[in-house]
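# Descriptive analysis of the structure
Residue-level listing of the chains:
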Amino acid sequence: MEKNATGSVIKAFGNLLHVEFQGNIKQGEVSYVKVNDKQFSSEVIEISDNIAKIQVFEDTSGIKLNTPVEFSKHLLDAELGPGLLTSIFDGLQNPLEKIAEKAGYFLSRGLYIPSLDREKLWDFKPLVKVGDIVKRADFLGSVKESHFDHKIMVPLKYFNTFEITWVAKSGAYNIETTIAKAKNENGVEIEFSMLQKWPVKTPLFEGKRTSLSEILSTGMRVLDIPFPVLKGGTFCTPGPFGAGKTVLQHHLAKYSDVDIVIVAACGERAGEVVEILREFPRLIDNRTNEPLINRTVIICNTSSMPVAAREASVYMAVTIAEYYRQMGLNILVLADSTSRWAQAMREMSGRLEEIPGEEAFPAYLSSRIAAFYERAGSVILKNNKIGSLTIGGAVSPAGGNFEEPVTQATLNVVGSFWGLSRERSDARRYPAIDPLISWTKYLDIAASEMNKFSDRWKEKIKKANEITKYGNEILKRMEVVGEEGISIADMTVYLKAELYDICFLQQNSFDPIDQYCPIKRTIEIFDLIYKIFEKDFKFDNHDEIRSYFLNLQNDLKNLNYLAYDSFEYKELLKKIIEKLNI
Ligand code: ADP
Ligand code: MG
């Protein structure tokens, strides 16, 4: 086998080193910079002749002229196997909690602990027998991880077919133990363990991509009805600072109809990430009443961490998600916020002295953002099960200005755009997702599914959006001419829009009942409000109609706080319908 390439440092600009090397290396290859008895990981980001530019993942003090560098031949990759769930990693998959136990939060230089526990034993059950023919991604066995059957697969790096020659009996093994042996067509024997590695920057799956068809219900009315997302789809939540992006992401993590959630937290400040580390493990999963962390992996970075580690974090998150999707599960990746990730790209590009594009972001910003969201999708596996990977990113444009490059590049590629507005969060109309600026491309598919539960779905949503828009125009006019200056007909439209906003679009994230609205309940309420939209109200004066709607609004709001289908809920619903005479 060819020897690994080696080199030595000839120049340093912060974390970017110029290295003169001998041998063969490739773009993206991991390299190690050796200082005394420690070694620092780095990644090759540019090669010209025998000079490589490498980006060190850690603080570079101690690195001097002629410091030796060794190249590893492998790309930046993720360790995959049982034990990922409940973990908190940094962008390079260093296990932050385990490091914290040893050395306090945030990486101490040159300290390496394997991503996955090597000692822990997992109850392995074989799914193959001697003589079986297998190929990449076929299931060799399974272990119980949280509530899931974590499938042990033939690593995806293999493209041959294998014949199983030996398989371990059911029993407890650690992730490095050989659990099966197989020979390829040439009779060469290889061994499989429960651990495999996937490169993080290339999408990986086995199976066929399939078109999206199923709604991903989120338990949030404003999303599930007018702006739904599909399993395997993409969405983004841009909004100014403090508008509620993080609260929204927590909600999605808790209530989205998926099996596993991977959170890529790229925080503004170290404090924000520590907050996530502290708060996230406290969230309770409403499906199981167990900590949500049992079906979550968190990838965590702060601006104080080296730029290359921050840049890698979203890829790490998607790779872990692709791995679980390959088992036929539904996965949600939440990146908060992708603006920090884009800033990491900008910093790296600046150090490489690349020609900058808009607002000094690299010219490839939009293609990188597109490539990230393109890793979402549904895959149909050999056993006909469908695994899905949905990706949602928060975007935090400075001053809430959606014209900036990261927001623009994102809205070009995502399927649903959930824009949070300062206007709504200032008015405490939460969630601050603004129905006037949000949109989705999934409405046709979602509507055809929703028609099973309620007729003319698309038409109804169009009508609701129109009333929202028209109601807002009337409000603007009313602010100028006063209530008496508009007709009773217009006043009615405005009050219908306001009712829809207050009783349907708004939802209290901190109320134990209202925070989660199951899809059946959401449809029921929406259908009721739609009947109110269609009803021709007859009133003589503004006061009369205002007080009528205020009353109705209170009833409907109260309904949101009652447990679904409880006696009280049914009684109040009956009363509302009687009063409306519909
Ligand atoms: P961002 O991440 O956009 O900067 P946060 O998600 O941290 O903003 O939200 C800021 C604050 O706004 C929260 O601490 C909370 O008080 C309030 N808030 C946000 N969303 C909601 C909501 N759905 N219901 C009630 N309050 C909310
Ligand atoms: Mg936030």
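Note that the structure is predicted; figures quoted are calculated from it, not measured. (Residues numbered from 1 in each chain as written. Chains lettered and ligands numbered in written order. Predicted model: local features only at pLDDT ≥ 70, side-chain atom pairs only at ≥ 80, totals over all residues. Heavy atoms only, no water.)

### Some points on the overall build of the protein
A tally of regular secondary structure across the protein gives 15 helices and 26 strands. Here the C-alpha radius of gyration of the protein, 27 Å, is about what a compact globule of 582 residues would show, namely 25 Å. Every one of the 582 residues in the protein was classed for burial, and the buried ones make up 56%. Here the analysis covers contacts within the protein between residues at least 6 apart in sequence; of these, 69% occur between residues at least 24 apart. Here the protein has roughly 24900 Å² of accessible surface; of this, 51% comes from carbon and sulfur atoms. When the 71 positive and 78 negative side-chain charges of the protein are each reduced to one mean point, those points stand 3 Å apart. (Helix = DSSP H or I, 4+ residues; strand = E, 2+ residues; numbered from the N terminus. Rg over C-alpha atoms; globule rule 2.2 N^0.38 Å. Buried < 20%, exposed > 50% of the residue type's maximum accessible area, 1.4 Å probe, protein only. Contact = heavy atoms within 4.5 Å. Areas by Shrake-Rupley, 256 points an atom, 1.4 Å probe, with all protein chains shown as cover. Lys, Arg positive; Asp, Glu negative; His and termini not counted. Charge placed at Lys NZ, Arg CZ, Asp CG, Glu CD.)

### What about helix α11 (residues 457–481)?
An α-helical turn contains 3.6 residues, so a residue and the one three or four places further along point in the same direction. With 25 residues, α11 should reach 36 Å at 1.5 Å per residue; the first-to-last C-alpha distance of 36 Å fits that figure. Taken together, the buried positions of α11 are Trp457, Lys460, Ile461, Ala464, Ile467, Thr468, Gly471, Ile474 and Met478. On its buried face, α11 sits against α10 (443–450), α12 (488–505) and α13 (519–534). Where α11 ends, the next residue or the one after it, glycine 482, has phi of about 85 degrees, a positive value. (Expected span 1.5 Å × (residues − 1).)

### Some points on the pairing of strand β24 (residues 386–395)
The element β24 is largely enclosed, with a buried count of 9 among its 10 residues. When strand β19 (residues 234–238) meets β24, the two strands line up parallel, connected through 5 bridges. Note on β24: the bridge partner recorded for phenylalanine 235 is glycine 392. Note that strand β22 (residues 330–336) and β24 share 6 bridges and pair parallel. Residue pairing for β24: alanine 335 is matched across the bridge by glycine 393. As judged from the 4 bridges shared by strand β23 (residues 377–380) and β24, these two strands associate in the antiparallel manner. Residue pairing across strands places isoleucine 380 opposite isoleucine 386, the latter belonging to β24. Here β23 folds back onto β24, and the loop between the two strands holds 5 residues, one of which, asparagine 384, carries a positive phi near 70 degrees. (Pairing = 2+ DSSP bridges.)

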